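# Structural characterization, general
Single-letter residue listing:
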Amino acid sequence: MPENTLAELPEDDPPGVLRRPVTDGESRRANRRWWDADADDYQAEHGAFLGQADFVWCPEGLREADARLLGELADRRVLELGCGAASAARWLAGEGARPVGLDLSAGMLRHAALGATASGVRVPLVQADALALPFRAASFDIVCTAFGAIPFVADSAAALREVYRVLRPGGQWVFSVTHPMRWIFLDDPGEGGLVVKHSYFDRDPYVEQDATGTPTYVEQHRTLGDRVREIVGAGFVLRDLVEPEWPAGHEQIWGQWSPLRGRLFPGTAIFVCDKPDSAAT
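This text gives an overview of the structure that appears in the document.

## A short note on the pattern of salt bridges
Side chains carrying opposite charge are able to pair once their charged atoms draw close together. By the definition in use, this model includes 14 salt bridges. With its nearest N and O atoms 3.3 Å apart, the salt bridge here joins Glu95 to Arg68. With a gap of 27 residues between them, Glu95 in the loop between helix 3 (87-94) and strand 3 (98-103) and Arg68 in the loop between helix 2 (64-67) and strand 2 (77-81) connect regions that are remote in the sequence. On the accessibility criterion, Glu95 (31% relative accessible area) is partly exposed. Residue Arg168 is joined to Asp141 by a salt bridge in which the shortest nitrogen-to-oxygen separation is 2.3 Å.

Structural data, given as structure tokens:
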């Protein structure tokens, strides 16, 4: 999950933060450098919440152990896309699955290797781009990600087509992202984050850039309709859209996620998709 999706902003976007188009190459380079540099701080801040071997879908704290969005896991071949420190992949292994963790960031995969040593649960780790998955067609029964890859690629429709390619017919694709309606607000967990500041229909990505104008962090926005069209366009059937509610007693703030905002409107959208049994590979 991102550390500061849409980064915490004051009343107006500060210098170096804007909404503007970026190329796929700019997005890939910026986010790879960002996650490599931020990996240690991210894990120090959020590692305890995510666990050594646990599958947490979102800052609301919804766990796969409770939600069971992936269905039967025993002996299923699973790809965790954008795995970060791979705590979810290790949990999947504990459930009898045969997981592979994939991430673009070497920094995050370093923490995945450290997590394997600490937990004693080792899963295969692959450094690769979500737009060019290094697997043959129909290699996996399930592909899943909790805030990985999809919000950070310029062509998320192409990423979904890659997921479709590596899934066997009848396989599942489940992914969580920041709920699209959150993009109309500033990224403020307090009362400032209850005021609309941006158009829901502005698809320009959120960009942090340095003094030379080079992007250093990029996150993409799609509306709910955009996501549905990408899912259907790739060939999937959308089975469910889960909008986790903020649970009672959960007082932890994670970037722009907070009890105040979480009790009023959703912060996460989880798309549960199937590849049809009859799909050609």
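Back to the write-up after that little detour.
## Re unusual backbone geometry
With a phi close to 60 degrees, Ala138 is a non-glycine residue in the positive phi region. Checked against the element boundaries, Ala138 lands in the loop between strand 4 (125-127) and strand 5 (140-146). One non-glycine residue, Phe147, lies in positive phi territory at about 70 degrees. Tracing the backbone shows Phe147 in the loop between strand 5 and helix 5 (156-166). Judged by its relative accessible area of 2%, Phe147 falls in the buried class.

## Comments concerning the packing of aromatic side chains
In this structure the tally under the stated criterion is 16 aromatic pairs. When the centroid spacing of 6.3 Å and the interplanar angle of 90 degrees are considered together, the rings of Phe55 and Trp91 count as edge-to-face. Linking Phe55 in the loop between helix 1 (24-50) and helix 2 with Trp91 in helix 3, this pair joins segments that are 36 residues apart in sequence. For the pair formed by Phe55 and Trp91, the shared burial category is buried. Summarising the aromatic geometry, the rings of Phe175 and Phe271 are spaced 5.0 Å apart at their centres and angled 20 degrees between planes, so their arrangement reads as stacked. Note that Phe175 is positioned in strand 6 (residues 167-178) and Phe271 in strand 10 (residues 268-274), a separation of 96 residues in sequence. Accessibility assignment for this pair places Phe175 and Phe271 in one class, buried. Grouped by ring-pair contacts, the aromatic residues Trp34, Trp35, Tyr42, Phe49, Phe152, Tyr206, Tyr217 and Trp254 constitute a single cluster. Just above the ring of Phe49 sits the side chain of Arg63; from NZ or CZ to the centre is 5.9 Å. Cation over ring: Lys275 sits above Tyr164, and NZ or CZ is 4.3 Å from the ring centre.

Definitions and cut-offs
Residues numbered from 1 in each chain as written. Predicted model: local features only at pLDDT ≥ 70, side-chain atom pairs only at ≥ 80, totals over all residues. Heavy atoms only, no water. Salt bridge = Lys/Arg side-chain N within 4 Å of Asp/Glu carboxyl O. Helix = DSSP H or I, 4+ residues; strand = E, 2+ residues; numbered from the N terminus. Buried < 20%, exposed > 50% of the residue type's maximum accessible area, 1.4 Å probe, protein only. Phe/Tyr/Trp six-rings, centres within 6.5 Å; stacked < 30°, edge-to-face > 60°. Lys NZ or Arg CZ within 6 Å of the ring centre and 35° of its normal.

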